[in-house]
2 protein chains.
Amino acid sequence: MTKRIGLFGFGVVGQGYYQIAKKQKEKWIPDTIVVKDQKKRRSSDIRFSYDSQDVFDKNPDYILELISNMEEAYEYASEALKRGITVISANKKMLSAHLPELINLQKVFGGKLLYEASVAAGIPVITNLETHFEEDNIISIEGILNGSSNYILSRIFNNGLSFGEALRLAQQKGFAESDPSFDINGSDVASKLNILILHAFGKFVGEKQIATFGIQNLGEDEIALAKSLGLKIKLIAKAEKDYRGISAYIIPTLVEESNPFFGVENEYNAVKINSEHLQDQFYQGKGAGSLPTGAAVYGDLIKARNGFGYNYSKVNFDKPLDEKLLNLGVRVLIKSKSEEIIETNIFSPEFIKCIDGFYFSVGKIKPKNLSKLNELKEVSLLALPDFLTSSDVLKSLEGIKKSEELLFK
Amino acid sequence: MTKRIGLFGFGVVGQGYYQIAKKQKEKWIPDTIVVKDQKKRRSSDIRFSYDSQDVFDKNPDYILELISNMEEAYEYASEALKRGITVISANKKMLSAHLPELINLQKVFGGKLLYEASVAAGIPVITNLETHFEEDNIISIEGILNGSSNYILSRIFNNGLSFGEALRLAQQKGFAESDPSFDINGSDVASKLNILILHAFGKFVGEKQIATFGIQNLGEDEIALAKSLGLKIKLIAKAEKDYRGISAYIIPTLVEESNPFFGVENEYNAVKINSEHLQDQFYQGKGAGSLPTGAAVYGDLIKARNGFGYNYSKVNFDKPLDEKLLNLGVRVLIKSKSEEIIETNIFSPEFIKCIDGFYFSVGKIKPKNLSKLNELKEVSLLALPDFLTSSDVLKSLEGIKKSEELLFK
Ligand SMILES: NC(=O)c1ccc[n+]([C@@H]2O[C@H](COP(=O)([O-])OP(=O)(O)OC[C@H]3O[C@@H](n4cnc5c(N)ncnc54)[C@H](OP(=O)(O)O)[C@@H]3O)[C@@H](O)[C@H]2O)c1
Ligand SMILES: NC(=O)c1ccc[n+]([C@@H]2O[C@H](COP(=O)([O-])OP(=O)(O)OC[C@H]3O[C@@H](n4cnc5c(N)ncnc54)[C@H](OP(=O)(O)O)[C@@H]3O)[C@@H](O)[C@H]2O)c1
């Protein structure tokens, strides 16, 4: 029995889906494809529509929401769910903003919503959380969740490119979002972590609450420091739960060779889950790109056809879904032109040192302060692994500065 | 609605399951637990039975088959499936021997059979193959699939233990099977690879066909060689498919630092899947032990309760399930006391060299010959990564031998 499919969006992801669907035994080719820009040149083999009602008029069984816009995506998805239609979405920004309402619409009208492609594209992390980990108690979930910023870090570390060169390359390859600032300032990661927290811990915290610091201000000093210590910098998102509650933050982090994130390069994403019974698991795969993301969308369609839906098994529906995050300290290296910024943000400092007009300090920062600092131009932050002492950091920094001096003499 | 559960076996896995079930909201405590040895001392809190009919008399909804014996496991599982009961099994030896019959029983009588714990214990590889990869075209699947032999290799490489010491430690920790020779000679891995091949490629090849060489003959020379080249030895199972058919083998393999298997230590297992659309994915997690394996069993129960079953989606049921494996050459380093062994097994040799009474050669071996050599005492084999030239190998071997000479002078 063929099913009717309506598709919104025919960009990187929509075209990836289409290319895959055409090759399958079950050619789930959309009846209608709605796009936005009437002036764009398009393949003449496919008929496009510019009116979203065209999709609904055909009474589709499934809707694929693969557009870049967030408000309209919410409109299409919620309209479909109200009609009891199953929706597949890749739109983390939209999902992260509206999951509580969308969960409610699923319950009331019986349609399903699947969105594996929205977090870590090709990696089946949401499916695994909803099946394999359904009855396990998750302690922490950590990830490299933005393919484009990870690609930039790889090009900087492995090929010596500048930040700007690396960003342009990521855009050329189609890994970056239409507005790349979301990729590099951690905002895209916050959407994804917010979704993961719901599936791992059963609570909706909202991405505004998630302490976020991106890679946009990473300077040569921090890169040289990492290299001189044999470490790499990765943009790590982390959420953990203990008896007090949930904490979560996103911050560029120094990782050592024995950390499985160390080897995650280019557009790959990775997720590490620590739980009471299954203990620790690590998944790595393509986190962006047309085919891996399109395949995750196609996979959701097959799962839905087989009767699969998310149970939101960690959610206790008798209690409020919303939860306030804890604000526990994270140990960081901070660099700033202003000593005041350091003094007002860092507590228990292990040192404060001025080198070449920059203030450096190692100490703890309250996650809440991260997001405020993320908007400043001249502050850079790195989370530190426990084993790294402040004297190691200081020695390396001084070494780097000295060799720079020698270079410029 | 509570479900009736019958449990066979209360060893490492059975107890792990029990410990987890007791803590859950849905306390899926078995009505009946059947074990074998009437003389064993057991906890007085739990009532045991020694008669398998006790399980069936209670009309269970689910049966957990967690025993160490293979023939009786098949009896219990097939009897249950004939009654349309859903069966969860961890018994790779039994499954690998009987999957075609068991698939047929599922079709005829409508009961389901799930067995995530049987391959890579805690890692949801079968579930992912059956859901996320259902419509993707898998090119290769590779893994570290035996926790106990991986643990032994880690102790040898990282702590300088001897083979025997490391094996005893693995047994003490409960990672080794009751007969540890299955762990170290690759036989346990062959059962698992056989199961994976069915889910990845839709064909039943049978473990007897899978070319298998274990770690039991790994000598100091091979370990010193790996170390001097900055590499590690891992017991890797690999299956791949191209237009000609499927090839598969299990062999100790030299891996380089950039290979994700390099960092897989101790009782961890890992699986790497390469496919057309999702491209490459890598999963790592506990591959043995009471809680991770028990959690995988509990997870299967929850999945079955939610309506999940394996679709065997890669299988074409209009064609024979059995398939003959290809016999393509694998590039190895071979070491033997007998030059004849080398000459009759290695083709396209890059060198043959006698050092200290041992013959070493780098060349290709037909997978078929691996299993024959696996039964000999004095032959050792290592698969080589492509980048490693035979002159690198030779130079390292000669270096090792020279420093040994110096040591003994
Ligand atoms: N790219 C990735 O690797 C990736 C990975 C995971 C998730 N995602 C998510 O997947 C979604 C799509 O990303 P993408 O990379 O495919 O974006 P894209 O290449 O920019 O394409 C966006 C598509 O959406 C269409 N569109 C925008 N607003 C629309 C509207 N109101 N109605 C109908 N169509 C509309 C555009 O139409 P026009 O053709 O007329 O411009 C275009 O076809 C986003 O939510 C993104 O965050 C992307
Ligand atoms: N250990 C692991 O980490 C692991 C991981 C993955 C899969 N597995 C698989 O899981 C299965 C169980 O392994 P295990 O490590 O739990 O073994 P185990 O510790 O040796 O325990 C085996 C249990 O099976 C019982 N048993 C044996 N024959 C029986 C029979 N005919 N009828 C009823 N009970 C019988 C034994 O009874 P008694 O108590 O009377 O001796 C014992 O309770 C095996 O197939 C194994 O390959 C194990």
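Every residue gets a number counted from 1 within its own chain, in the order that chain's sequence is written. Whichever chain is written first becomes A and whichever ligand is written first becomes 1, with later ones labelled in order. Whole-chain, interface and lining totals are the exception, using all residues; otherwise, since this is a predicted model, local features are given only for residues with pLDDT of at least 70 and side-chain atom pairs are given and counted only at 80 or more. As a rule here, side-chain values cover all heavy atoms of the structure and leave hydrogens and water aside.

Undergrad: What exactly am I supposed to notice about the domain arrangement of chain A here?
TA: For an interface, size is often stated in terms of accessible area lost upon the parts coming together. Residues and elements named next belong to chain A. Segmenting chain A into domains produces domain 1 (5-115), domain 2 (125-276) and domain 3 (330-408). Only heavy atoms enter the contact rule, under which two residues are in contact if any of them lie within 4.5 Å. With 11 residues of domain 1 in contact, the opposing surface of domain 2 contributes 15 residues. In this assembly, domain 1 packs against domain 2 so that about 980 Å² is buried in total across both faces, 64% of it on carbon and sulfur atoms. For salt bridges, the criterion is a side-chain nitrogen of Lys or Arg within 4 Å of an Asp or Glu carboxyl oxygen. Counting every contact that joins domain 1 to domain 2 gives 2 salt bridges. The salt bridge involving aspartate 188 is made with lysine 92; its shortest N-O contact spans 3.4 Å. Here a polar contact is taken to be a pair of N or O atoms separated by no more than 3.5 Å, where protein atoms must pair a possible hydrogen donor with a possible acceptor and residues adjacent in sequence count only if both atoms sit in side chains. In this assembly, domain 1 and domain 2 are joined by 7 residue pairs in polar contact (both at pLDDT 80 or more). Per element, the largest residue contribution to the side of domain 1 that touches domain 2 is 8 residues, and it comes from helix α4 (residues 92-109). Looking at the side of domain 1 that touches domain 2 residue by residue, the classes come out as 7 nonpolar, 2 polar and 2 charged. An automatic or database domain assignment provides the domain bounds reported here. Two parts placed together each lose some accessible area; with a 1.4 Å probe, that loss summed over both constitutes the buried area. Runs of H or I in DSSP of at least four residues are treated as helices and runs of E of at least two as strands, each being numbered from the N terminus. Following the grouping adopted for this structure description, the nonpolar residues are Ala, Val, Leu, Ile, Met, Phe, Trp, Tyr, Cys and Pro, the charged ones are Asp, Glu, Lys and Arg, and the polar ones are all others, Gly among them.

Undergrad: Help me out: how do you make sense of the packing of helix α1 (residues 12-23) of chain A against helix α11 (residues 290-305) of chain A in this one?
TA: Two quantities define a packed helix pair, namely the angle between the helix axes and the distance between the axes. Residue and element names in this part refer to chain A. A fitted line through C-alpha atoms represents every axis, and for helices the fit uses only the stretch in contact; the resulting angles, taken between N-to-C directions, go from 0 to 180 degrees. Remark: α1 packs on α11, axes separated minimally by 7 Å, with the N-to-C direction vectors making an angle of 65°. Judged by the twist between their axes, the crossing of α1 over α11 is right-handed. Facing Val12, Val13, Gln15, Gly16, Tyr17, Gln19, Ile20 and Ala21 of α1, the residues of α11 in contact are Ser290, Leu291, Thr293, Gly294, Ala295, Val297, Tyr298 and Leu301. Looking at the contact of α1 with α11 residue by residue, the class counts come to 10 nonpolar, 6 polar and no charged. Handedness of a helix crossing follows the sense of rotation of the near helix relative to the far helix, less than a right angle counterclockwise being left-handed and clockwise being right-handed.

Undergrad: How do you make sense of the site of ligand 2 when you look at a structure like this?
TA: Residue and element names in this part refer to chain B. For this purpose, a residue is taken to be near a molecule or strand whenever a single non-hydrogen atom of the residue falls within 4 Å of it. Taken together, 25 residues sit near ligand 2, with Phe10, Asp37, Lys40, Arg42 and Glu72 positioned nearest. Between ligand 2 and glutamate 72, the relevant distance is 2.4 Å, taken from a nitrogen atom to a side-chain nitrogen or oxygen of the residue. The separation between an oxygen atom of ligand 2 and a polar side-chain atom of lysine 92 is 3.4 Å. Here the accessible surface of atoms and residues is derived via Shrake-Rupley with a 1.4 Å probe, and residues count as covered only by protein chains that are part of the display. Contact with the protein chains hides 89% of the accessible area of ligand 2, taken as 910 Å² for the molecule alone. Those elements that place two or more of their residues in the shell around ligand 2 are α1 (12-23) and α3 (71-82). Considering only residue class, the shell around ligand 2 consists of 11 nonpolar, 7 polar and 7 charged.

Undergrad: Mind showing me how you'd approach the pattern of salt bridges here?
TA: When the charged atoms of two side chains with opposite charge come close together, those side chains can pair. Evaluated as defined, the whole model comprises 33 salt bridges over all chains. B:Lys353 is the salt-bridge partner of B:Glu398, the closest N and O atoms lying 3.2 Å from each other. Of the two residues, B:Glu398 is situated in helix α14 (residues 390-408) and B:Lys353 in strand β13 (residues 346-355); the sequence distance between them amounts to 45 residues. Only protein chains enter the accessibility calculation, which uses a 1.4 Å probe; a residue is then buried when its area is under 20% of its type maximum, exposed when over 50%, and partly exposed in between. On the basis of relative accessibility, which here comes to 31%, the residue B:Lys353 falls in the partly exposed class. Several salt bridges share partner residues, and in doing so they unite A:Lys92, A:Asp188 and A:Lys192 into one network.

Undergrad: Would you mind going over the site of ligand 1 with me for this structure?
TA: Residue and element names in this part refer to chain A. Residues in contact with ligand 1 amount to 25 residues; listed here are only the nearest, Phe10, Asp37, Lys40, Arg42 and Glu72. Between ligand 1 and lysine 40 there is a distance of 2.6 Å, counted from an oxygen atom to a side-chain nitrogen or oxygen. Looking at the shell around ligand 1, the elements that each hand over two or more residues are α1 and α3 (71-82). Tallied by class, the residues present in the shell around ligand 1 amount to 11 nonpolar, 7 polar and 7 charged.

Undergrad: What should I look at first to understand the relation of the copies chain B and chain A in this one?
TA: Taken together, a rotation about one axis and a shift along it account for how the two chain copies relate. Relative to chain A, chain B is turned by 180° and slid 0.0 Å along the rotation axis, the superposed coordinates differing by an RMSD of 0.0 Å. When the rotation and shift are considered jointly, the pair of chain copies conforms to a two-fold rotation axis. In terms of C-alpha distance to the rotation axis, chain B has B:Tyr283 as its closest residue, with the C-alpha 2.3 Å off the axis. Taken as a fraction of all interface residues of chain B, those also at the interface in chain A reach 100%, which identifies the copy contact as same-surface. Residues reaching a pLDDT of at least 70 in both copies supply the C-alpha atoms on which the copies are superposed by least squares.

Undergrad: Mind showing me how you'd approach the packing of aromatic side chains here?
TA: Ring pairs (aromatic) are described by centroid distance and by the angle formed between their planes. Only Phe, Tyr and Trp rings are paired, with Trp represented by its six-membered ring, and only when their centres lie within 6.5 Å; those with planes under 30 degrees apart are stacked, over 60 edge-to-face, the remainder tilted. Counted under the stated rule, the structure contains 24 aromatic pairs over all chains. Taking 6.2 Å as the distance between ring centres and 90° as the angle between the ring planes, the aromatic pair formed by A:Tyr310 and A:Tyr312 counts as edge-to-face. Each member of the pair A:Tyr310 and A:Tyr312 is classed as buried. Consider the ring centre and the ring normal. A charge sits over the ring if Lys NZ or Arg CZ is within 6 Å of that centre and within 35 degrees of that normal. Above the plane of the ring of B:Phe182 lies B:Lys93, whose end atom (NZ or CZ) is 5.2 Å from the centre.

Undergrad: In this structure, what is going on with the pairing of strand β8 (residues 232-242) of chain B? I would like to understand it.
TA: Within a regular beta strand, the side chains point alternately toward one face of the sheet and then the other, so they alternate between its two faces. Residue and element names in this part refer to chain B. A large share of β8 lies buried, amounting to 8 of its 11 residues. In the sheet, strand β6 (residues 138-144) pairs with β8 via 4 bridges, with the strands oriented antiparallel. Across the sheet, the residue bridging to glycine 143 is alanine 237, located in β8. Judged from the 11 bridges that link them, β8 and strand β9 (residues 245-255) form a sheet pairing that is antiparallel. Within β9, the position partnered with alanine 239 by the bridge is alanine 248. Any two strands with at least two DSSP bridges between them are considered paired. The hairpin turn running from β8 into β9, its antiparallel successor, is 2 residues long.

Undergrad: How do you make sense of the interface of chain B and chain A when you look at a structure like this?
TA: Contact residues are listed per partner, giving 36 residues for chain B and 36 residues for chain A. Together, the buried faces of chain B and chain A total about 3,200 Å²; carbon and sulfur atoms form 47% of this surface. In this assembly, chain B and chain A are joined by 4 salt bridges. Of the charged contacts, one joins A:Arg305 and B:Glu134 as a salt bridge, the two residues approaching to 3.2 Å between their closest N and O atoms.

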